[in-house]
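Geometric and topological summary
Here is how the chains run, residue by residue.
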Amino acid sequence: RNLWDDTRSEEVALEDLPGVEAVFPSASNFLLAEFSDGPQVFKAMWDRGIILRDQNRQPTLANCIRITVGTQDENDELLAALREVLGACASLGEAK
C-alpha cells in the first residue's frame, strides 16, 4: 500500500458518512473535511482520545477538521469512531 491509496481510500470513506459536508482533495498525508457541526465532532473525538486538528477558527474553514492519514488500523479506528459520533450527533439533532 502507498500513501496515495490510503489517502484516497479514507477520503472516499469519509465522503459517505452522514454529517460530512465535504472532503477536500489532498496529495498529502492528511485530509480536510467539513462537518455539519465541526466543533461538536472535534470535541467528541477528543473525548475518545482521537486527536484531530480543529480548523474552525481559520478564515473560511468553519466546521473543518484536519485528519491525518495513518496506518490501516488507525484509519479503521478513526472511521469507526466517526460513525458512532456522527450517529450520536444525528440522533441529538432529531431529538431537538
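So, how was this worked out
- Residues numbered from 1 in each chain as written.
- Predicted model: local features only at pLDDT ≥ 70, side-chain atom pairs only at ≥ 80, totals over all residues.
- Heavy atoms only, no water.
- Core = buried A, V, L, I, M, F, W, Y, C linked by side-chain atoms within 4.5 Å.
- Buried < 20%, exposed > 50% of the residue type's maximum accessible area, 1.4 Å probe, protein only.
- Helix = DSSP H or I, 4+ residues; strand = E, 2+ residues; numbered from the N terminus.
- Contact = heavy atoms within 4.5 Å.
- pLDDT = per-residue confidence, 0-100.
- 1 Å grid on protein atoms, 1.4 Å probe; cavity = no way out; pocket = protein on both sides within 12 Å on 5 of 7 lines; lining within 4 Å.
- Points joined across faces, edges and corners; volume = space filled by probe spheres on them.
- Nonpolar A, V, L, I, M, F, W, Y, C, P; charged D, E, K, R; others polar.
- Salt bridge = Lys/Arg side-chain N within 4 Å of Asp/Glu carboxyl O.
- Pairing = 2+ DSSP bridges.

Bringing the nonpolar core into the picture now. Ranked by internal contacts, the top residues of the largest apolar core, which has 22 residues, are Leu14, Phe35, Val41, Met45, Leu52, Ile67 and Leu82. When residues in this core are grouped by element, the largest group, 6 residues, is from helix 3 (residues 72-95). In this structure Leu82 touches Leu14, Leu17, Phe35, Val41 and Met45, once residues within four positions along its chain are discounted.

Attention shifts here to the confidence of the model for the chain. Per-residue confidence for the chain gives a mean pLDDT of 86; residues scoring 70 or more make up 85%. Per-element mean pLDDT across the chain ranges from 74 in helix 1 (residues 3-15) up to 96 in strand 3 (residues 53-54).

Volume-wise, the largest pocket comes out at about 260 Å³. Lining the largest pocket we find 14 residues, and of these Ile50, Ile51, Leu52, Thr68 and Leu78 sit closest to its centre. Those elements that provide at least two residues to the lining of the largest pocket are strand 4 (64-68) and helix 3. The dominant element in the lining of the largest pocket, judged by the number of residues it contributes, is helix 3, at 4 residues. Its residues placed into classes, the lining of the largest pocket shows 5 nonpolar, 4 polar and 5 charged.

To continue, consider unusual backbone geometry. One non-glycine residue, Thr60, adopts positive backbone phi at about 70°. With respect to the secondary-structure elements, Thr60 resides in the loop between strand 3 and strand 4. A residue is classified by how much of its surface remains accessible, and Thr60, at 80% relative accessible area, is exposed.

Okay, the pattern of salt bridges next. In this structure the tally under the stated criterion is 2 salt bridges. Glu84 is the salt-bridge partner of Arg48, the closest N and O atoms lying 2.8 Å from each other. Of this pair, Arg48 sits in the loop between helix 2 (38-47) and strand 3 while Glu84 sits in helix 3, and the two are 36 residues apart along the sequence. We classify Arg48 as partly exposed; its relative accessible area is 42%.

Quick look at the sheet that holds strand 4 now. Spatial strand order, 1-2-4-3: 4 strands in an open sheet with antiparallel pairing. The open sheet terminates on both sides in strands that have one partner only, identified here as strand 1 (20-24) and strand 3. As paired elements, strand 1 and strand 2 (residues 30-35) share 4 bridges and run antiparallel to each other. Pairing of Val20 across the sheet is with Phe35, part of strand 2.

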